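# Examining the three-dimensional arrangement
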Amino acid sequence: MQNALLIGLSRQMTLERQMDVIANNVANANTNGFKADHSLFEEYLNSNAHEDNFVSSDRRVSYVQDRGTFRDIGQGPLEATNNPLDMAINGNAYFAVQANGGERYTRDGKFSLNSTGQLVTSDGNLVLGTGGPITFQPTDHDINVAPDGTVTVLEGTAKTDSIRGKIRMVSFDDPTKLTKLGANLYGAGSANQQADTKSTVQQGYIEKSNVNAVGEMSHMVEVMRSYTAVANLLQQQSDLHKSAIEKLADVPA
């Protein structure tokens, strides 16, 4: 295959994978706490010629390849809900939850109570405190969450606060190493974790996705146009090759 066709094909393959990343971002533009992914590209130099009788060395051919993706860990905008069980983190920490038989992490603070009074995520996973799951009593009211994550309530007719636990917030030395597990959850992966004492909890708010929907749609259009341009170039190269063969066939022997 000609080098021009190989280069064009390599570009189309990377554009297709980039489109998948953008489409996933757009699909999660309204997912609480979602962090956008972006593609990484680099030049790849190689030569497909393998003859050993060239006067000079083979000229290297420049390809493009997507080296991987990186995650934008920037904080998304906070939206007020006035729900005392909703919580957003100001800072780089994550909520610790019990899911799939182990400890997982999320930025989605859309919480509620299950049938036994335990604080859970929107998917029913237990929200962990520093001493385990946080459980409320049937007579609890006036729930308050302090910036440090301490959860207090008024129980029954009591006039003094009762502590129900403290939200466990975890930070990582390199959040980009966290593994996406689906359902808005992360695994620790190869990142080292520690208790976070700098981030704060904001009660009555949830963190929205940090995806810039307008920007992602613009990128999607750019990728589609680039894919079409490469396809047109490949078609022109194919037509040129076909025309050359036809003209060579007409040359008298």
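Refer to the structure above for everything that follows.
Residues numbered from 1 in each chain as written. Predicted model: local features only at pLDDT ≥ 70, side-chain atom pairs only at ≥ 80, totals over all residues. Heavy atoms only, no water.

### Here we look at the overall build of the protein
Let me state the cut-off plainly: Put simply, DSSP H or I for four residues or longer makes a helix, DSSP E for two residues or longer makes a strand, and each gets a number counted from the N terminus. Between two residues, a contact is recorded if the distance between any of their heavy atoms is within 4.5 Å. Working definition of accessibility: Shrake-Rupley area with a 1.4 Å probe, residue cover restricted to the visible protein chains.
Scanning the protein from terminus to terminus reveals two helices and 19 strands. Residue pairs in contact within the protein that sit at least 24 positions apart in sequence constitute 61% of those at least 6 positions apart. Total accessible area on the protein stands at roughly 14,500 Å², and carbon and sulfur atoms take up 51% of it.

### Describing the pairing of strand S14 (residues 169–172)
Rules: Relative accessibility under 20% of the residue-type maximum defines a buried residue, over 50% an exposed one, and the middle range a partly exposed one, all with a 1.4 Å probe and only protein chains included. Each pair of strands is called paired provided DSSP finds at least two bridges between the two strands.
With burial as the criterion, each face of S14 is covered, one bearing Met169 and Ser171 and the other bearing Val170 and Phe172. Here strand S5 (residues 94–99) runs beside S14; their pairing, made up of two bridges, is antiparallel. Along S14, the bridge assignment pairs Tyr94 with Val170. Here S14 pairs with strand S17 (residues 193–195) via three bridges, running antiparallel. Across the sheet, Val170 pairs through a bridge with Ala195, a residue of S17.

### Considerations on the sheet that holds strand S13 (residues 161–166)
To keep it simple, the criterion reads: Throughout, an axis means a line fitted to C-alpha atoms (over the contacting stretch in the case of helices), and angles, computed between N-to-C directions, take values from 0 to 180 degrees.
One open sheet accounts for three strands, arranged S11-S12-S13; its pairing is antiparallel. Pairing within the sheet leaves two strands with one partner each, and these edge strands are strand S11 (140–145) and S13. Pairwise comparison of adjacent strand axes, ignoring direction, gives a mean angle of 30° for this sheet. The pairing of S11 with strand S12 (residues 150–155) spans four bridges and is antiparallel. When the bridges of S12 are listed, Val145 appears paired with Val151.

### Considerations on the nonpolar core
As a reminder of what qualifies: To qualify as a nonpolar core, a set must consist of buried Ala, Val, Leu, Ile, Met, Phe, Trp, Tyr and Cys residues joined through side-chain atoms within 4.5 Å.
Met87, Leu119 and Ile167 are the most contacted members of the largest nonpolar core, which totals 19 residues. For this core, the secondary-structure elements that each account for two or more residues are strand S4 (87–90), S5 and S12. A per-element tally of this core places S5 first, with three residues. Tyr105, Leu128, Leu178 and Tyr186 belong to the second largest nonpolar core, which has nine residues in total.

### What to know about the environment of Ile73
The residue Ile73 is located in the loop between strand S2 (61–71) and strand S3 (78–80) in this model. Separated by 40 residues in sequence, Ile73 and Gly33 place their C-alpha atoms 9.9 Å apart. Apart from the residues within four sequence positions on either side, Ile73 is in contact with Lys35, Pro175, Thr176 and Asn210.

### So, the environment of Tyr227
Among the structural elements, Tyr227 can be located in helix H2 (residues 213–249). Taking the relative accessible area as the measure of exposure, Tyr227 reaches 36% and is therefore partly exposed. Along the sequence, Tyr227 and Gln12 sit 215 residues apart, while their C-alpha atoms lie 6.0 Å from each other. Ignoring any residue separated from it by four or fewer positions in sequence, one finds Tyr227 in contact with Gln12 and Leu15.

### Here we look at the packing of aromatic side chains
To keep it simple, the criterion reads: By convention, a stacked pair of Phe, Tyr or Trp rings (six-membered ring in the case of Trp) has centres within 6.5 Å and planes under 30 degrees apart, an edge-to-face pair has planes over 60 apart, and any other such pair is tilted. Each ring is checked for a lysine NZ or an arginine CZ that lies within 6 Å of its centre and within 35 degrees of its normal; such an atom marks a charge sitting over the ring.
In this structure the tally under the stated criterion is four aromatic pairs. Relative to Phe172, the ring of Tyr94 lies with its centre 5.8 Å away and its plane at 70°, an arrangement referred to as edge-to-face. Taken as a pair, Tyr94 in strand S5 and Phe172 in strand S14 lie far apart in primary sequence, 78 residues in all. Just as Tyr94 is buried, Phe172 falls in that class too. Each ring, one from Phe95 and one from Phe111, has its centre 5.1 Å from the other, and the planes form 75°; the classification is edge-to-face. You can see Phe95 sitting in strand S5 and its partner Phe111 sitting in the loop between strand S6 (102–106) and strand S7 (112–113), a full 16 residues away along the chain. Taken as a pair, Phe95 and Phe111 share a single burial class, namely buried. By the ring-pair criterion, three or more aromatic residues cluster together here, those being Tyr94, Tyr105, Phe172 and Tyr186. Above the plane of the ring of Tyr94 lies Arg107, whose end atom (NZ or CZ) is 5.8 Å from the centre.

Nothing here speaks to function; it is geometry throughout.
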